[in-house]
Amino acid sequence: MSAAETDPPVESDRVPGAPHPRETPRVIGQDAAIDSFMAAAASGRLHHGWLITGPRGTGKATLAWAIARWLIAGEGGGLDLPPDHPVARRMRALAEPRLHLVRRSEDDKGRLRAEIVIDDIRRMIEFFHLSAIDGGRRVVIIDAAETFLDDPVLAGRGG
């Protein structure tokens, strides 16, 4: 077996030397964002989409994964879901059927693309056309959505 066959796939949303955000059980340094989200959830007026922005390495993705776990698990209380919870286990394995992850994919030569391509977005749209298996929520995490702002058409500036 070659090294390429045994190495884990490249994950564009992983900071080198750190665990992937889906593997991080606790959010640190995002108290204001957590409070804002939990207040919206408690009010019964939870918006259908949240844009989490900021510099790389500040915990945005960790927060997004924690929110996704909480939404799918339907748990009350805070965002901390026990690591052995079935939803947390499935999400770590990327096997949660109610979650769809959009991130930069590899090209036909196995290199990481510089951007999210239209085929990645089409797969997300197909995900939304499916029924949720238990009637619960479906969640999509779009990693690096801020790259859309670089595109004049997607950012609504014409083109």
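What comes next is a walk through the structure. Keep in mind that this is a model prediction, so the values were computed, not measured. (Residues numbered from 1 in each chain as written. Predicted model: local features only at pLDDT ≥ 70, side-chain atom pairs only at ≥ 80, totals over all residues. Heavy atoms only, no water.)

1. A short note on the overall build of the protein
Selection criterion: Strands are runs of DSSP state E lasting at least 2 residues, helices are runs of H or I lasting at least 4, and numbering of each runs from the N terminus. Accessible area is worked out with a 1.4 Å probe on protein chains only. A residue is then buried under 20% of its type maximum, exposed over 50%, and partly exposed in between. By definition in these notes, contact holds between two residues if any of their heavy atoms fall within 4.5 Å.
Counting secondary structure elements, the protein contains five helices and two strands. The buried share of the protein, reckoned over its 159 residues, is 34%. Contacts spanning at least 24 positions in sequence make up 52% of the contacts within the protein whose residues lie at least 6 apart.

2. Here we look at the packing of helix α2 (residues 31-43) against helix α3 (residues 60-73)
Let me state the cut-off plainly: The angle between two axes is taken between their N-to-C directions and runs from 0 to 180 degrees, where each axis is a line fitted to C-alpha atoms and a helix contributes only its stretch in contact. Oblique is the label for any angle not under 35 degrees, not over 145, and not in the 65 to 115 range, which are roughly parallel, roughly antiparallel and roughly perpendicular in turn. Less than a right angle of anticlockwise turn of the near helix away from the far helix marks a crossing as left-handed, whereas a clockwise turn marks it as right-handed.
Where α2 contacts α3, the two axes come as close as 11 Å, and the packing angle between them is 25 degrees. One way to sum up the angle between α2 and α3 is to call them roughly parallel. Crossing of α2 against α3: the hand is right-handed. Residues A33, I34, F37, M38 and A41 of α2 lie in contact with α3, whose contacting residues are L63, I67, W70 and L71.

3. Focus on the packing of aromatic side chains
Condition: Pairing of aromatic rings covers Phe, Tyr and Trp, the last counted by its six-membered ring, and requires centre-to-centre distances within 6.5 Å; plane angles under 30 degrees mean stacked, over 60 mean edge-to-face, and any other angle means tilted.
Applying the stated criterion across every chain yields a total of three aromatic pairs. Each ring, one from F37 and one from W50, has its centre 5.4 Å from the other, and the planes form 65 degrees; the classification is edge-to-face. Taken as a pair, F37 in helix α2 and W50 in the loop between α2 and α3 lie far apart in primary sequence, 13 residues in all. Judged by its relative accessible area of 41%, W50 falls in the partly exposed class. On the numbers, 5.6 Å between centres and 85 degrees between planes, the contact of F37 with W70 is edge-to-face. Residue F37 is found in helix α2, and its partner W70 is found in helix α3; the two are separated by 33 residues along the sequence. Neither residue differs from the other here; F37 and W70 are each classed as buried. Aromatic ring contacts, followed pair by pair, group F37, W50 and W70 into a single cluster.

4. Things to note about the side chain of H85
Mapped onto the elements, H85 comes out in the loop between α3 and α4 (86-92). When neighbours within four sequence positions are excluded, H85 is seen to be in contact with A73 and E75.

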